[in-house]
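Listed below are the residues making up each chain.
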Amino acid sequence: MEVEKADVLKIEQKFPSWRELLKKPVTEKDFKHGFYHYPILKRDAEYLKRWVPAYEYATRDWDPLKPDWKLPENWKEIFLREFKDKLEKYRPLKLFMDICVRCGACADKCHYYQGTGDPKNMPVARAELLRSIYRRYFTKTGRIFKEWAGARELTEDVIKELYYYFYQCSLCRRCSLFCPYGIDTAEIVWRGREILNSIGVTHRFTHISIAACARTGNHLGLLPGGMAGALRSAAEDIYEITGIEIEVPINKKGAEVLFVAPSGDYFASPHWFAFMGYIMFFHEIGLDYTWSTYAGEGGNFGTFQSYELAKLLNQKIYKEAERLGVKWILGGECGHMWRDKHQFMQTMNYPLPKTLEDPINPITGTYFENAAEGKMVHIAEFVADIIAHKKVKLDKSRNDHWKVTYHDSCNPARAMGLLEEPRYVIKACCNYFYEMPEHTIREKTYCCGSGGGNLTEEVMELRMRGGMPRALALKHVVDKYGVNFMCTICAQDKAAFPILMEYWKLPVAIGGMMELVGNALVMRGEKERTVDLRGNPLPGRGEE
């Protein structure tokens, strides 16, 4: 019997020359559905212009799919002036504009390039879109030799291309890890977005959250009553499972610690179960702490958009810490909370309130020297310290229905170096833990595909393709070990991954580290538990 030869799928990557790459900008005629962002809402631009006057230009009505973007009359002058200002103000930007040799070490490291196959999504190529303008207007070689030097004229079509590709980046910084010169493409993209902001070319999703946070203290625009209600509701759920009544401290003046979590934890799933875990853990160790209905957001969407907006949103936490008179701040499971707190504090919000002290764990006496500058400790290192000092009792078997792997969130891993603490906590709470392939975790971790302002439905195709490398790594441990739970310490991951699991057909639940802690935590005076925080029967104890 003759066996029919199977079809072979052959993928050939085509790399245009640098001259071809820059010659024909991608414009509104080429924008693909699922890849381009909607423009900023007029109401948000109106609100934010009080802090960033350039947002006056963003209050116009424009459509990315129409030829006329209604740019300011002197848009080119504004763009180049803003570019010059950024070059003078931020030394790394000037350095990154000059030192790239196009070696391509970063080319295949971007999850968006891997998922889309678009050459302009290679980090080196994305940066080249802005670098070509730099060469033309800020270098003698570029002014003289123009396109032969990799320089190009700044036109409206180039503006459209920058908008399209600079928002096909999650600022995850994986590419920077592999660059032999240490070029941080995320820094280039961030400054590029700031420059685009100056002429009113900016996107919708991030600014909805930024404006809401400026108004209410959290990205979702939750009012104090709603936040307090969510905390009490979580306490009620905890009572149902454990029989323990907890009075959650809210806006408590004089508490030792201010705890700040991402606003998604107050209502979303699977965030809610980590939310319960926080409350249970703090109650069990007797921590003198408080939640705040004003500083009810640890995340900072401003870090996706501009330094000024990042600074605006960052300061609310420290103002609230001063008002409540706490000694230091404890931060929850959030990704981008930690880049500004860990990397920018010396210039972003100094001087800090005099009421703040160097963080010392009141339960163990541990001095968190790494948090002395920002006065803010990450929940993973705090919980790891408590467990290491044997201050809580844990029953690993309560998580035996989960075979767990861990996704290193980009900012805690690459921007903060928080690699082993969450693993230590997870292993202390679970009997079954399996790592994904080494080249996809720790510093080399892949992004969820929805970070950096991309957690929005209009770019769903981009998100699903960008999440492909992580999905493939996860599939490996699903097939090999039967993994059915992926733990992450980022609110955006928790929002993005359930959709990604459905898209790539992976039967894996997504959850936080504190959910696993809450399951394993043996609380004094609790009734015998039969279900986990999700209401699933515990192995051998509930209805199965």
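Structure first, text after, so check above.
Residues numbered from 1 in each chain as written. Predicted model: local features only at pLDDT ≥ 70, side-chain atom pairs only at ≥ 80, totals over all residues. Heavy atoms only, no water.

Here the focus is the overall build of the protein. Within the protein, the secondary structure is distributed over 23 helices and nine strands. For 544 residues, the compact-globule formula gives about 24 Å, and the C-alpha radius of gyration of the protein, at 24 Å, lands near that figure. C-alpha atoms of the protein, sized along the principal axes, occupy 80 × 75 × 40 Å. In the protein, which comprises 544 residues, the share counted as buried stands at 61%. Across the protein, contacts joining residues at least 24 apart in sequence account for 77% of those joining residues at least 6 apart. Surface exposure of the protein reaches about 22200 Å², of which carbon and sulfur atoms provide 51%. In the protein, which carries 75 positive and 71 negative side-chain charges, the distance between the mean positions of the two groups comes to 5 Å. (Helix = DSSP H or I, 4+ residues; strand = E, 2+ residues; numbered from the N terminus. Rg over C-alpha atoms; globule rule 2.2 N^0.38 Å. Buried < 20%, exposed > 50% of the residue type's maximum accessible area, 1.4 Å probe, protein only. Contact = heavy atoms within 4.5 Å. Areas by Shrake-Rupley, 256 points an atom, 1.4 Å probe, with all protein chains shown as cover. Lys, Arg positive; Asp, Glu negative; His and termini not counted. Charge placed at Lys NZ, Arg CZ, Asp CG, Glu CD.)

Right, let's talk about the sheet that holds strand β3 (residues 328-331) for a bit. Spatial ordering of the open sheet is given by β2-β1-β3-β4, a layout of four strands whose pairing is parallel. Edge positions in the sheet fall to β2 (289-290) and β4 (376-378), since each of these pairs with one other strand and no more. For β3 and β4, the ladder comprises three bridges, and the chain directions are parallel. Its bridge partner being in β4, Ile329 is matched across the sheet by Met376. Sheet strands in contact with helix α14 (residues 307-324) are β1 (257-260), β2, β3 and β4, and its direction is about 145° off that of β1. Packed on one face of the sheet, helix α17 (residues 379-388) meets β1, β3 and β4 and runs near 70° to β4. (Pairing = 2+ DSSP bridges. Axes fitted to C-alpha atoms, helices over the stretch in contact; angles between N-to-C directions.)

Before going further, it helps to examine the state of the cysteines. Throughout the structure, instances matching the rule amount to zero disulfides. Of all cysteine sulfurs in the structure, the one in Cys179 sits closest to Cys103, which takes part in no disulfide; the separation is 6.1 Å. For Cys106, which is in no disulfide, the shortest distance to another cysteine sulfur is to Cys175 and amounts to 5.9 Å. (Disulfide = S-S within 2.5 Å.)

Residues spaced three or four apart along an α-helix face the same direction, because each turn holds 3.6 residues. For helix α23 (residues 513-520), a buried count of eight out of eight residues is recorded, marking the element as mostly surrounded by other parts of the structure. Every buried residue of α23 is listed here: Met513, Met514, Glu515, Leu516, Val517, Gly518, Asn519 and Ala520.

Turning next to the side chain of Lys86. Position of Lys86 among the secondary structure elements: in helix α3 (residues 75-89). Apart from the residues within four sequence positions on either side, Lys86 is in contact with Leu93, Arg191, Glu194 and Ile195.

With that settled, the discussion passes to the pattern of salt bridges. In the structure shown here, the tally under the stated rule is 37 salt bridges. Across the salt bridge formed by Glu308 and Lys89, the nearest N and O atoms sit 4.0 Å from each other. On the criterion of sequence distance, the pair formed by Glu308 in helix α14 and Lys89 in helix α3 is long-range, its members being 219 residues apart. Classification of Glu308 as partly exposed rests on a relative accessible area of 34%. Two residues, Lys475 and Asp479, come together in a salt bridge whose shortest N-O distance is 2.7 Å. Residue Lys475 and its partner Asp479 are both found in helix α21 (residues 468-481); the two are separated by four residues, about one turn of the helix. With relative accessibility at 54%, the residue Asp479 sits in the exposed group. (Salt bridge = Lys/Arg side-chain N within 4 Å of Asp/Glu carboxyl O.)

Taken together, the three strands give an open sheet; going across it, the order is β6-β7-β8, and neighbouring strands pair in parallel fashion. Two strands in the sheet have a free side with no partner beyond their single neighbour: β6 (404-406) and β8 (509-511). Between one strand axis and the next, the sheet turns through 30° on average, direction left out of account. Running over the sheet, α23 touches β6, β7 (485-487) and β8 and is turned about 115° from β7.

Topologically, Gly298 is positioned in the loop between β2 and α14. Separated by 143 residues in sequence, Gly298 and Ile441 place their C-alpha atoms 24 Å apart. Not counting chain neighbours up to four residues away, the residues in contact with Gly298 comprise Val260, Ala261, Pro262, Ile317, Cys334, Met337 and Lys341.

Ranked by internal contacts, the top residues of the largest apolar core, which has 100 residues, are Phe79, Phe83, Ile133, Leu154, Val201, Leu474 and Met501. With eight residues, helix α6 (residues 123-138) is the largest single contributor of residues to this core. Discounting chain neighbours no more than four positions away, the residues touching Leu474 are Thr405, Met436, Val483, Met486, Met501, Leu506 and Val508. Core analysis: the second largest hydrophobic core is formed by 81 residues, Ala234, Val257, Leu287 and Leu330 among them. (Core = buried A, V, L, I, M, F, W, Y, C linked by side-chain atoms within 4.5 Å.)

The final tally for this structure, using the stated rule, is 33 aromatic pairs. Judged by centre distance (5.1 Å) and plane angle (45°), the ring pair of Phe301 and Phe304 falls under tilted. With relative accessibility at 4%, the residue Phe304 sits in the buried group. One aromatic cluster is present, formed by Phe259, Tyr266, Trp272, Phe275, Tyr278, Phe281, Phe282, Tyr289, Trp291, Trp328, Phe368 and Phe382 through successive ring pairs. Across from the ring centre of Phe178, 5.0 Å away, lies the NZ or CZ of Lys109, which sits over that ring. (Phe/Tyr/Trp six-rings, centres within 6.5 Å; stacked < 30°, edge-to-face > 60°. Lys NZ or Arg CZ within 6 Å of the ring centre and 35° of its normal.)

For the rest of this paragraph, the subject is helix α12 (residues 224-242). The terminal C-alpha atoms of α12 lie 27 Å apart, and with 19 residues this matches the ideal 27 Å at 1.5 Å per residue to within 8%. Along α12, the positions that sit buried rather than exposed are Met227, Ala228, Ala230, Leu231, Ala234, Ala235, Ile238, Ile241 and Thr242. When α12 is viewed along its axis, its buried side chains cluster within an angular range of 155° and face the same direction. Residues of α12 that are exposed and point more than 90 degrees away from the buried face comprise Gly225, Glu236 and Glu240. Those residues of α12 hidden inside the fold are in contact with α13 (271-285). Following α12 by one or two positions, Gly243 adopts a phi angle in the positive range, close to 80°. (Expected span 1.5 Å × (residues − 1). Arc of directions from axis to C-beta.)

By themselves, these figures tell us nothing about what the structure is for.
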